[in-house]
Amino acid sequence: MKNLLAYAKRVLIGRPMRSDAMGHQLLPKRIALPIFASDALSSVAYAPDEVLLTLALAGTMAALQSVWVGAVVALVLAIVVASYRQTVHAYPSGGGDYEVVTTNLGRSWGLLVASALLVDYILTVAVSISSGANYITTAVPALLGYEVPIAVGLVVVLATLNLRGTREAGGAFAIPTYVYMFAIGLMIVVGFAKLATGHLGVAPTAAYDLVVAPGHADGLAGLAGVFLLMRAFSSGCAALTGVEAISNGVPMFRNPKSKNAATTLAMLGLIAASMMISILVLARATGVKIVDDPATQLTYQGQAVSEKTPIDPAISQIASAVFGQGSVLFILITVVTGFILVLAGNTAFNGFPTLASVLSRDSFLPHQMVRRGDRLSYSNGIVVLTLASIALIVGFQAETTRLIQLYVVGVFISFTLSQLGMIRHWNKQLRTRQSGDERIAVLRSRAVNIIGFMMTGLVLVIVLATKFTHGAWITLLMIAIAFGLQISIHHHYETVRSQLCVEDWNARRALPTRVRALVLVSSLSRPAMRAIAAARASSPTSIELVSVVADDAEEERILRQWKASGVPVPLTLLSAPYRDISSVILQYVRSRRRSMPTEMLVVYMPQFLVTHWWENLVHNQSGLRLRASLLDVPGVVITVVPWQLGEDDVVEGRQRVNDPFLRVPAPDSSPEQTPAAEAKNDARETS
């Protein structure tokens, strides 16, 4: 079974890589762009839908304002990108927002940012994969109703690719990401060309009319309209997610790391902003309608439509208007859009493990998170992200509209605090003696971060105000849980560190006055004899066999075996009339510790190793429970002496070993060796 699992692991993940091969895993810009930008680029596929969906509540005239909402989102994106370009130059170590905020605002604020980012990475995978699953079911109607298993399967595939290594995953994702950018770019160019010449078609939903939802009869006028506009804006800000991942992934870039990361950031911002505004313009021109419930929100020539009326995503509808329904380019755009939504989760699969490794290094997450796996990726972080995102997908039934309400909150908490931290960073720089040009550069950088802080802070307030009752409170709760968990883990590590620290080296180097060995046996079997031999070989001050008997028959059996064995070790029998073996042994061990607190007490426990894993179900259960109980007794050393079925024959040379790591020479087939052979052997042993 173990060999089968090891073989499966090698097939799925690949052969282990040497630590000195880490340099070959660093990313050039052409590979880094699809890895880190896939999240922001994929948001073009669902952020416009969310804007149109929200504005549709106030009617057709309100929906026409989506372009202006997109323009404001693009402005915020440009400011955030400009701010993070400075962050990757000032803090290139990979800590990103966590390092910036911890260094400049303090540990608690840094942990808050880290918690928000960890939660947001999990939501990134859940939202993007769920959206991709919905695109797949749109393209293949026969799969409707199977969104959850499809999404779970896609998460597992994405995790497996990332476990194979960052560079391999990037190479696998680069081509479809570039195909997606080419396809959307082609649709935009052809769409604007047809719009300019008057040949642009209409979307499949253009003939429908929007029904104003109750409470929005005044459109975007009044307080309700302003609130709806802000809610649409906050949904569109999903396009900004993924920007912070580059600041966490600077160490993964090739040299010069900071420069390459900053260039990738600029490319990401330019492409994402251009695509989002263009799609909203074409959606307005083609008459795209996006609604939750067609039966109550749409009419056709004054009549309500069926609740089964298909409402495809905005990109699909625009592609239909530009290239024609069912055309080759229409199918290409639909397929690659669904694919890029799946790949968007790859940004989180790079950002989450990297950030988790930094937190693990600082003892805020389990130390296992800082270790790299066979393929030099942070495999433990990848596994944790996989399980958490699957839990969200199953819990929210892979519904993008429900999940996206949880989105954006965490990332804008980190955006805002990071900008504040960078302002504090530049203020510290200004206190140092600088030349005129250096001071002007710092002042310019601080101005960028001040604008970024005000803009992202305003967006955060809008997001919290408009999305709190729609699910943002769940995100805040998750952030609070992550924050408390990290504080608890750090407190645990600090407690353990203080306990492990040696203060008096002379006292700790002193040897115990005596060493008493207790060998626990239930019979004088081969495993027990191995344990006795191990105990005697350690030369303790005193040694005794300890056996628990429940009745006279067991007592006679163990005494008979002990006398027949001739083992020169005294035997102590403990009575257990209630058959509570563990409690009797624990009581005896504790009494020994109390009677001689200065001696070292070593308990030897034979363990029978089975051939197949499933045979453990009928062996060693009592021993496992007893060992777990003995671990709670202070000052007791437990030594497990394993014995495997058939190993005596192997050790004594009566059986050839098939294990390539254990080479035991086969016995000589002849009953007697010739004098020449004996002389040759003697010479070999002497040499």
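Residues numbered from 1 in each chain as written. Predicted model: local features only at pLDDT ≥ 70, side-chain atom pairs only at ≥ 80, totals over all residues. Heavy atoms only, no water.

### Thoughts on the packing of aromatic side chains
What counts, and what does not: Any pair of Phe, Tyr and Trp rings, taking the six-membered ring for Trp, is counted once the centres come within 6.5 Å. Such a pair is stacked with planes under 30 degrees apart, edge-to-face with planes over 60 apart, and tilted for the rest. Only DSSP runs of H or I covering at least 4 residues are called helices, and only runs of E covering at least 2 are called strands; the numbering of each starts at the N terminus.
Enumeration according to the criterion identifies three aromatic pairs in this entry. An angle of 65° between the planes, with centres 5.5 Å apart, marks the rings of Tyr 84 and Phe 415 as edge-to-face. Placement of Tyr 84 in helix H4 (residues 66–90) and of Phe 415 in helix H18 (residues 409–430) is noted, with a sequence separation of 331 residues between them. Consider the rings of Tyr 208 and Tyr 300, whose centres lie 6.1 Å apart with planes at 80°: the pair is edge-to-face.

### What to know about the sheet that holds strand E6 (residues 571–575)
Heads up, the condition is: Strand pairing is defined by DSSP finding a minimum of two bridges between the two strands. Axis definition: a line fitted to C-alpha atoms, limited for helices to the stretch in contact. Angles are taken between N-to-C directions and run from 0 to 180 degrees. Every residue pair with non-hydrogen atoms within 4.5 Å of one another is taken to be in contact.
Judged by pairing direction, the sheet is parallel, and its five strands sit side by side in the order E6-E5-E4-E7-E8 without closing on themselves. The open sheet terminates on both sides in strands that have one partner only, identified here as E6 and strand E8 (636–644). On average, each strand axis in the sheet is tilted by 30° relative to the strand beside it, whichever way the strands run. Sheet strands in contact with helix H23 (residues 581–595) are strand E4 (515–520), strand E5 (542–549), E6, strand E7 (600–609) and E8, and its direction is about 150° off that of E5.

### Things to note about helix H7 (residues 147–163)
For clarity, the threshold we go by: A helix's residues, less one, multiplied by 1.5 Å, set its expected span. We call a residue buried when its accessible area falls under 20% of the maximum for its residue type, exposed when it is over 50%, and partly exposed in between, using a 1.4 Å probe and counting protein chains only.
Across its 17 residues, H7 extends 24 Å between first and last C-alpha, which sits within 8% of the 24 Å expected from 1.5 Å per residue. Residues of H7 that are buried include every one of Glu 147, Val 148, Ile 150, Ala 151, Leu 154, Val 155, Leu 158, Ala 159, Asn 162 and Leu 163, and no others.

### Structural notes on the confidence of the model for the protein
Worth spelling out the cut-off: Across the chain, each position has a pLDDT score giving the predictor's confidence in that residue, from 0 to 100.
Per-residue confidence for the protein gives a mean pLDDT of 79, with 83% of residues at or over 70. This stretch, residues 656–687, has a pLDDT under 50; its non-local contacts, to residues over four places away or in other chains, come to nine contacts.

### Concerning the pairing of E5
Quick note on the threshold: Clockwise travel from the first strand over the helix to the second, with the strands pointing away from the viewer, marks a crossover as right-handed.
Most of E5 is tucked away, with eight of its eight residues classed as buried. Relative to E5, E4 runs parallel, the two being bridged by five bridges. Bridging from a neighbouring strand, Arg 516 pairs with Ser 542 of E5. For the crossover that starts at E4, traverses helix H21 (residues 526–537) and ends in the parallel E5, the hand is right-handed. In terms of strand pairing, E5 meets E6 through five bridges, oriented parallel. If you follow Val 548 over to E6, its bridge partner there is Leu 574.

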